[in-house]
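Chain by chain, the residues run as shown.
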Amino acid sequence: MSQKQEEENPAEETGEEKQDTQEKEGMLPERAEEAKLKAKYPSLGQKPGGSDFLMKRLQKGQKYFDSGDYNMAKAKMKNKQLPSAGPDKNLVTGDHIPTPQDLPQRKSSLVTSKLAGGQVE
Amino acid sequence: MFLKFSLRSVFYGAGGGNDIQWCFSQVKGAVDDDVAEDIISTVEFNHSGELLATGDKGGRVVIFQQEQENKIQSHSRGEYNVYSTFQSHEPEFDYLKSLEIEEKINKIRWLPQKNAAQFLLSTNDKTIKLWKISERDKRPEGYNLKEEDGRYRDPTTVTTLRVPVFRPMDLMVEASPRRIFANAHTYHINSISINSDYETYLSADDLRINLWHLEITDRSFNIVDIKPANMEELTEVITAAEFHPNSCNTFVYSSSKGTIRLCDMRASALCDRHSKLFEEPEDPSNRSFFSEIISSISDVKFSHSGRYMMTRDYLSVKIWDLNMENRPVETYQVHEYLRSKLCSLYENDCIFDKFECCWNGSDSVVMTGSYNNFFRMFDRNTKRDITLEASRENNKPRTVLKPRKVCASGKRKKDEISVDSLDFNKKILHTAWHPKENIIAVATTNNLYIFQDKVN
C-alpha cells in the first residue's frame with residue numbers, strides 16, 4: 001500500500017510520472033555501480049566527478065618537453081640512462097622528464113584518406 | 001487506482017520503429033585497417049545536402065558530392081562520390097608552452113553558398129580555417145608566347161598573334177585556405193557555429209567563447225569567459241556552443257554539469273550572465289559518484305525551426321522548448337541498460353565518450369549514436385524509436401535494415417544482443433541527417449555509412 005503511494009506522483013502529464021519511476025528503478029543500479037567503484041578504488045575522492053577530472057580534461061593530450069630540463073637531467077645523470085616512460089606513455093609523473101623518445105612520433109608525409117580512395121560499394 | 005503500464009517497452013523500443021524504412025546505400029573507408037589517423041571525427045552535410053564533409057584524426061577533410069539523380073533509374077537517390085579531399089590541419093608544436101597540438105578535425109561547419117564556390121570552416125584544438133572549394137572546368141589555350149605544356153616559345157619564332165580562348169577541361173576541384181583564425185584559444189576548441197548573419201561565427205573552448213568576423217583573422221571578441229580566478233575553484237567547463245538558426249543575437253552553450261545557458265549578445269559585450277538557464281532539477285537522493293559525469297552534455301543542437309534545442313548526455317537525448325527552462329519537454333533514453341555498467345564504463349573511459357545528435361529536416365525525428373555500431377532514432381510525433389546497426393554485413397543496396405534490440409537482463413530472445421556482448425570499441429559518435437531528404441550519414445570508427453529511406 002505504502003509503496004503504491006510512494007509512486008503516486010501527482011504529475012501533470014504521464015511523461016513526468018514515467019520519468020520519475022524510471023529514475024527510481026535506475027537509482028539502485030547506479031548506486032550499486034558506485035559501490036563497486038569505491039571498492040576497487042578506495043582512494044577516489046569524496047567529491048563526485050570533481051575538478052580532478054576537469055583539470056585532466058583541460059590538459060588532455062598535452063606533453064611538455066623542456067629542452068633545458070632534459071639537458072640538465074642528462075648532465076646530472078652523466079652516463080646513466082634517463083628513465084623513460086613506463087608502459088603508459090601518457091602519464092608523466094614524479095621525477096620523470098619527458099624525453100624525445102616519449103613524445104609521439106611526428107607524422108610523416110601525408111597520406112590520402114581511405115574515405116577518398118577505395119571502392120564505392 | 002493507478003494504471004501502471006509497462007515502461008520497458010516504451011523505453012527499449014519494443015514497439016517497433018518509425019515509419020521510414022532505412023536501406024543501406026554506401027559505405028566508405030578501409031575494411032580492416034586500424035590506423036589512428038583514419039578515425040572519423042566529424043561529419044556534416046552542407047545546406048543543400050548536395051555535399052557531405054568528413055574530418056578525421058589525421059587532419060584531413062574529405063568532401064563527397066551527391067550525383068545528380070538519374071531520372072530514368074529513379075529507384076534510389078544519387079550516390080555520394082568523392083568531390084574533394086585535402087589536408088586541413090597538420091600537427092603542430094607550440095614551442096612556447098612545449099605542447100603538441102593535435103591535427104584532429106574537431107568540427108566542420110559549412111557556409112551557405114553565395115557564389116559558385118563552396119566555403120567551410122574546419123577546426124582542430126587551436127586553429128580555425130576557412131576553406132574555399134572551387135571548381136575549374138575550363139582553361140585558357142592558345143597563348144602566344146607559351147606552348148601548351150607551359151614551355152616558353154622563342155619569341156623570334158612568333159610570326160602571328162592570336163587571342164587565347166577558354167576551352168573545356170576535365171573538372172578539377174581545388175581547395176584553398178582563405179583565412180586562418182589562430183591564437184585565440186588557450187584551451188581546446190570543441191565547437192564552431194556560424195551566425196545567421198553569415199558574417200560572424202563563434203568558437204568555443206573549455207572555458208571561453210570567442211566571436212569572429214569571417215573577414216578578420218587578427219582579432220576576435222571574447223563573449224563568454226568562465227575561467228575562475230583560482231583554477232582550484234573550477235567546477236564546470238563548456239562542452240558545446242551554437243548560434244540560434246534565426247536570431248543573430250542569440251547563442252547557447254552547454255556545460256559538463258548538464259546545464260545550458262542561452263545568451264543574448266545585445267545585453268552586454270561579455271555574456272557571462274545568461275539570459276536563460278536550462279537545467280533539469282535532480283533529486284539529491286538519487287545522486288551518485290556518476291551523476292555529474294553522465295549529466296555532462298556532449299552536444300547541443302537547435303532545431304531547424306529555432307523553437308527547440310536538443311542536448312545529448314551520456315544516457316539520453318533531451319528536447320528543450322526555449323520558452324521553458326526548468327525541464328526538457330521530451331526525454332529519450334538512448335541506452336538506459338548501461339546504467340548498471342557505469343563502473344566498468346568509468347574504468348575503460350567510455351563514460352567520457354562524447355556522442356553527438358542531430359535533427360531531421362522537418363524536426364520530427366532525432367538521431368544519435370551508441371555502442372556496438374548501433375544508432376538510434378526517435379520519432380517525436382509517434383513516440384516510436386528504432387535501433388539500427390552500421391555494419392558491412394547489411395550492405396546490399398536497397399535492403400531494408402533490420403531493427404536491433406539489446407536485452408538488458410533476463411532471458412535473451414533470439415536476435416537480441418545482451419549488454420555484455422556489446423562492443424564498446426565500436427562507437428558511433430558522429431551522425432548527420434540530410435537537410436531535406438531522408439538520407440543519413442553515420443560514422444563508425446573509420447568508416448562512413450550512408451543510408452536512405454526506401455524509394456519506390
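Within any chain, residue numbers begin from 1 and follow the written order of that chain's sequence. Written order decides the labels, with chains lettered from A and ligands numbered from 1. Where totals are concerned, whole chains, interfaces and linings use all residues; where local detail is concerned, this predicted model gives features only for residues with pLDDT of at least 70, and gives and counts side-chain atom pairs only at 80 or more. Side-chain numbers come from the whole structure's heavy atoms, not from hydrogens or water.

Caption draft 1: Broad picture of the overall build of chain B. Scanning chain B from terminus to terminus reveals three helices and 32 strands. Using C-alpha atoms as the atom set, the radius of gyration is obtained and then compared with a globule rule of 2.2 Å times the number of residues to the power 0.38. For chain B, whose C-alpha radius of gyration is 24 Å, the value lies close to the compact-globule estimate of 23 Å for 456 residues. Burial classes: relative accessible area under 20% of the type maximum marks a residue as buried, over 50% as exposed, and values in between as partly exposed (1.4 Å probe, protein chains only). Going through the 456 residues of chain B one by one, you find that 55% of them count as buried. Pairs at least 24 residues apart make up 55% of the contacts formed inside chain B by residues separated by at least 6 positions. For the area figures, the Shrake-Rupley method with a 1.4 Å probe applies, and any residue is considered shielded solely by the protein chains shown. Total accessible area computed for chain B in this model is approximately 21,100 Å², and 48% of it derives from carbon and sulfur atoms. The positive charge centre, built from 60 side chains, and the negative charge centre, built from 67, are 4 Å apart in chain B. Working definition: helices are DSSP H or I runs of at least four residues, strands are E runs of at least two. Numbering for both runs from the N terminus. Residue contacts are defined here by distance: any two heavy atoms, one from each residue, within 4.5 Å place the two residues in contact. Note that His is not counted, nor are the chain ends; the positive residues are Lys and Arg, and the negative ones are Asp and Glu. A single reference atom marks each charge: NZ on Lys, CZ on Arg, CG on Asp, CD on Glu.

Caption draft 2: View of the sheet that holds strand β26 (residues 374-379) of chain B. Residues and elements named next belong to chain B. Strand order in the open sheet made by the four strands is β24-β25-β26-β27, with antiparallel pairing throughout. Looking along the sheet, the strands with just one partner apiece sit at the ends: β24 (357-359) and β27 (385-389). Between one strand axis and the next, the sheet turns by 20 degrees as a mean value, whatever way the strands run. Two strands pair when backbone bridges link them, and strand β25 (residues 365-369) and β26 are joined in this way by five bridges, in the antiparallel orientation. The residue of β26 that forms the bridge with Met 367 is Met 377. By definition, two strands form a pair when at least two bridges between them are found by DSSP. Between the N-to-C directions of two axes lies an angle of 0 to 180 degrees, each axis being a line fitted to C-alpha atoms and, for a helix, fitted only over the stretch in contact.

Caption draft 3: Up close: the side chain of B:Lys107. Residues and elements named next belong to chain B. Mapped onto the elements, Lys 107 comes out in strand β8 (residues 107-110). On the basis of relative accessibility, which here comes to 10%, the residue Lys 107 falls in the buried class. Leave out the neighbours within four places in its chain, and Lys 107 touches Thr 42, Leu 121, Ser 122, Thr 123, Asn 190, Ser 191, Ile 192 and Glu 356.

Caption draft 4: The arrangement of the pattern of salt bridges in detail. Any Lys or Arg side-chain nitrogen found within 4 Å of a carboxyl oxygen on Asp or Glu counts as a salt bridge. Under the definition given, this model contains 34 salt bridges over all chains. A salt bridge links B:Asp313 to B:Lys318, with the shortest nitrogen-to-oxygen separation between them at 4.0 Å. For the pair shown, B:Asp313 and B:Lys318 are each scored as buried. Where B:Asp415 meets B:Lys402, a salt bridge forms, and the shortest distance between an N and an O atom there is 3.0 Å. A residue pair is termed long-range when its members are at least 10 positions apart, and B:Asp415 in the loop between β28 (405-407) and β29 (416-418) and B:Lys402 in the loop between β27 and β28 qualify at 13 residues. Looking at B:Lys402, the relative accessible area reads 43%, which means it is partly exposed. Via salt bridges that share partners, A:Lys114, B:Asp38, B:Asp56 and B:Arg60 belong to a single interconnected network.

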